[in-house]
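Breakdown of the fold
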Amino acid sequence: MDARQLEILLIDDEDIVGKRLRPMLEKAGYQVEVFTSGREAIERLARKTFDIVISDVRIDEVDGLEVLAAVQQHSSRTKTIMITGFATLELAREALAKGAFEFIAKPFYPKDLKKVVDKAAAQLRQE
Amino acid sequence: MAMICLSSLAGCPGEEVAREAARLTGSEYVGPELLTAAATGAGLPVEKLHQALTTAPSFFGITLATRRRCLAHLQAVLTGRLLQGPTVFLVPYGHHLVRGISHLLKVRLYAPGEVRAQSWAQARSCSAAEAVRRVREQDRVRLLLARLLFSADDDDNDLFDLVVNSSHLDVEAAAQVVAETATQPRYRETSYSRQCLEDLALANRVKAALVGEDDEVEVTSSGGLVRLRTRVTGRRSRRRRQRLQQLAEQVDGVMGVELEQVDDLISRITRPLR
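Quick look at the structure, then. Given the structure is predicted, the values throughout are model-derived calculations rather than measurements.

Here we come to the pattern of salt bridges. Residue and element names in this part refer to chain B. Inspection of every chain in the model, using the stated rule, returns 33 salt bridges over all chains. A salt bridge links E216 to R68, with the nearest nitrogen and oxygen atoms 4.0 Å apart. Within this pair, whereas E216 is found in the loop between helix 9 (191-210) and strand 6 (218-222), its partner R68 is found in helix 4 (residues 64-82), the two being separated by 148 residues in sequence. When its relative accessible area of 15% is taken as the criterion, E216 is described as buried. By relative accessible area, which is 24% here, R68 ends up partly exposed. With its nearest N and O atoms 3.5 Å apart, the salt bridge here joins E130 to R134. A residue pair is termed a helical-turn pair when its members lie 3 or 4 positions apart in one helix, as E130 and R134 do in helix 7 (residues 128-150) at four residues. Given a relative accessible area of 26%, E130 falls into the partly exposed group.

As structure tokens, this is what we get:
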């Protein structure tokens, strides 16, 4: 894969999550688009392929697993990282079975998310 | 890659399947030798710990407090071991000892009673009648202890992700099924499952440190913060609670301790009877 900037779509209905994570990810060299609406994010995914998608599991009107399904439908290459404040064993397994790259429980430190994003990026560059 | 917990009924080839599954998945096999480490932690001879996990409750037998002490140390040793890397383990009640970890595949190996008795008789060169008696007795004790120590029905298949009938498969084929299931994406380690395992390991280390003082203390942990729930009551309860808190704070990895006291009247009345 080329050394172009990797593109990330970040979806969380809490404004603060995007506000905190976006600068950190941009500083690390990623291009980031942030959505607080799952519906709008799915529409965007239909028009553009992202390298990495970071999605909350519980978003307002759309389930995060629906976002995951939409990502898988458009691009099996995209790495999807699920984040949630309601993590359970069953949910983690379901997300992985449906193609999630990683599953992270909230609260987490931004540096921990960056490590996972970097891992996804490294894997994308190897493919 | 998932970790694998194998639970094998008496007369099933649990150790052979576990060793082969470990070889196929490139994991380390952890077996009953873990009991020695747990016994050392509990300050008991390994035979006593073995008895605590394999003999039925009786009036003059091993006390519930001793059994809990043994379990607490076994849990601490086991979860500490799981943090070190890919593992296939076969230890008594392993599927009850490690809960809530999404990258742990729990497997039950079973076979009809008569098939297990036949294997038992062959392996130990005993009569068919003796083998049937021993297998039935082991099943009875297993169910009793699971109910006593974990409030669980050990024959409930919902405790497992995979149930394998070993009378239909040889050791290699059974291990192959287990190893292939372990490679399914749903059992992959994630940041979340790793954190759950680290939290559980810390809670178990704390529980092992406290169980000598209070065998009923409940311990949970999250990111280094430990929460204790104790039923310690009575005249010296304040001093004992302080002691629990101090002991917990001394455990490596503990960043803070929160203690909750539950004033359980029934427990207070029945405790001296146990």
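And the narrative resumes.
Turning our attention to the interface of chain A and chain B. Facing 14 residues of chain A, the contacting portion of chain B comprises 12 residues. Summed over both partners, the interface of chain A with chain B comes to about 1100 Å²; 56% of that surface belongs to carbon and sulfur atoms. It is A:L89, A:R93 and A:L96 in chain A that bury the most area against chain B; as a group they hold 55% of the surface buried on that side. Where chain A touches chain B, the interface holds one salt bridge. Note that A:R93 and B:D161 form a salt bridge whose closest N and O atoms lie 2.6 Å from each other. The interface formed by chain A and chain B contains seven residue pairs in polar contact (both at pLDDT 80 or more). Broken down by secondary-structure element, the contributors of at least two residues to the side of chain A that touches chain B are helix 4 (89-97) and strand 5 (102-105) of chain A. At five residues, the largest contribution of residues to the side of chain A that touches chain B is made by helix 4 of chain A.

What counts and how
Residues numbered from 1 in each chain as written. Chains lettered and ligands numbered in written order. Predicted model: local features only at pLDDT ≥ 70, side-chain atom pairs only at ≥ 80, totals over all residues. Heavy atoms only, no water. Salt bridge = Lys/Arg side-chain N within 4 Å of Asp/Glu carboxyl O. Helix = DSSP H or I, 4+ residues; strand = E, 2+ residues; numbered from the N terminus. Buried < 20%, exposed > 50% of the residue type's maximum accessible area, 1.4 Å probe, protein only. Contact = heavy atoms within 4.5 Å. Buried area = accessible area lost by both parts, 1.4 Å probe. Polar contact = N/O pair within 3.5 Å; in protein donor to acceptor, adjacent residues only side chain to side chain.

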